[in-house]
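These are the residues of each chain, in order.
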Amino acid sequence: LAAPVFKLAPGTGLEPLEPTLRRLLPLRAHFESLFLDSRVAPVAVANTDELWRAIAEDGVPGRWAFVGLEAGVHIAYPGKGGYGADYDPRKRPWYLRGRGQTRPVWGDPYVDRQGQGLVLPCVVAVKANDVTGVAGFEVALDFLQKQFMKPEGDVEETFVLDSTGRVLVTSKGSSYELDVDDIKDLPQFGNPRVLERVRAATPGVIVDSDPSPAAVFVVAPLATLNWFFVAKAPLSAVLGADAD
């Protein structure tokens, strides 16, 4: 875990790329800094062991940091296996999204191949002399659930939906539990009126009595990602215990 791992794309040879790999090795310190800086409550650590102890105890939104090069080299941190023989970073959605981007941009979430549930990549193009590629940092949606989606007051459940109305994460469920290989297989939100607002990008408050019992839905935009946050509360709880 504490060291980065390299993966070469099919058709590339180790010997001609060895100088490039050596140039990439110092990225380890930058990767560590990314994980340190991403913690919600940063605490100073003295060494890598303390870093990973803090990550295990406190959690961090980040799951993977990586760089893919046009030459066919992929470097990822923390170190991990599980790459197939046909893995080519240049063909991955995050690479295609980041190519040509001079500022960091968010990509679409996808199901992580190493079992981390749904992850959201932030990517940007990189160029240093003769080296070109894409650098990225992936955030786990499960961390969002655990840290920021706990219902409070009369709210009984919260949701994050994408712009089509697919449920990405809820306050009651973890994306680790999803038995899907593609976000296209994620379920649509169950209330048609909420779906209508989300698809029309129209935030607001909805009171719906079908199906019973009546509920109040608050739909709020997450503009950076073109997503929506939805909070659900029983109408009786909002209006008072004696309300129908």
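A short tour of the structure in this document, coming up.

**Thoughts on the overall build of the protein**
Point 1. Along the protein, the regular secondary structure elements total 7 helices and 12 strands.
Point 2. Burial status across the protein gives 44% buried among its 244 residues.
Point 3. Within the protein, contacts between residues at least 6 apart in sequence are counted, and of these 53% link residues at least 24 apart.
Point 4. In the form shown here, the protein has an accessible surface area of approximately 13200 Å², with 53% of it arising from carbon and sulfur atoms.

**Details of the sheet that holds strand S10 (residues 204-208)**
Point 1. Spatially, S9-S8-S12-S11-S10 is the arrangement adopted by the 5 strands of the open sheet, whose pairing is antiparallel. The open sheet has two free edges, formed respectively by strand S9 (167-170) and S10, since each of these has just one partner strand. In this sheet, neighbouring strand axes are inclined to one another by 25° on average, regardless of whether the strands run parallel or antiparallel.
Point 2. The strands touched by helix H5 (residues 141-148) are strand S8 (157-161), S9 and strand S12 (227-234); relative to S9, the strand with the most contacts, the crossing angle is about 40°.

**Side note on the nonpolar core**
Point 1. Phe-31, Phe-35, Val-67, Leu-69 and Val-73 are the most contacted members of the largest nonpolar core, which totals 17 residues.
Point 2. Among the secondary structure elements, those contributing two or more residues to this core are helix H1 (14-24), helix H2 (27-38), strand S2 (62-69), strand S3 (73-77) and strand S7 (131-140).
Point 3. If you tally residues by element for this core, the top one is S7, at 4 residues.
Point 4. Setting aside residues no more than four positions away along its own chain, Val-73 makes contact with Phe-6, Lys-7, Leu-8, Leu-17, Leu-21, Leu-24, Val-67, Gly-68 and Pro-89.

**Description of the environment of Leu-25**
Point 1. Considering the arrangement of structural elements, one finds Leu-25 in the loop between H1 and H2.
Point 2. Between the C-alpha atom of Leu-25 and that of Pro-4, which follows or precedes it by 21 residues, the distance is 7.8 Å.

**Regarding the pattern of salt bridges**
Point 1. With the rule as written, the count across this model stands at 8 salt bridges.
Point 2. For the salt bridge of Glu-18 with Arg-22, the shortest nitrogen-to-oxygen distance reads 2.9 Å. Note that Glu-18 and Arg-22 are positioned in helix H1 at a spacing of 4 residues, about one turn of the helix.
Point 3. Classification of Glu-18 as partly exposed rests on a relative accessible area of 32%.
Point 4. Taking the relative accessible area as the measure of exposure, Arg-22 reaches 55% and is therefore exposed.

**Here's the deal with a nonpolar patch on the surface**
Point 1. Where nonpolar side chains cluster on the molecular surface, the patch consists of Val-205, Val-207 and Val-218 and spans about 240 Å² of accessible area.
Point 2. With respect to the secondary-structure elements, Val-207 resides in strand S10.
Point 3. Accessibility expressed as a relative area gives 43% for Val-207, which makes it partly exposed.

**Thoughts on H1**
Point 1. Every buried residue of H1 is accounted for by Leu-17, Thr-20, Leu-21 and Leu-24. The buried residues of H1 all sit within an arc of 105° when viewed along its axis, so they share a single face. Every exposed residue of H1 that faces more than 90 degrees away from the buried side is listed here: Glu-15 and Arg-22.

Definitions and cut-offs
- Residues numbered from 1 in each chain as written.
- Predicted model: local features only at pLDDT ≥ 70, side-chain atom pairs only at ≥ 80, totals over all residues.
- Heavy atoms only, no water.
- Helix = DSSP H or I, 4+ residues; strand = E, 2+ residues; numbered from the N terminus.
- Buried < 20%, exposed > 50% of the residue type's maximum accessible area, 1.4 Å probe, protein only.
- Contact = heavy atoms within 4.5 Å.
- Areas by Shrake-Rupley, 256 points an atom, 1.4 Å probe, with all protein chains shown as cover.
- Pairing = 2+ DSSP bridges.
- Axes fitted to C-alpha atoms, helices over the stretch in contact; angles between N-to-C directions.
- Core = buried A, V, L, I, M, F, W, Y, C linked by side-chain atoms within 4.5 Å.
- Salt bridge = Lys/Arg side-chain N within 4 Å of Asp/Glu carboxyl O.
- Patch = residues over 30% accessible without salt bridge, like charges linked within 9 Å, V, L, I, M, F, W, Y side chains within 5 Å.
- Arc of directions from axis to C-beta.

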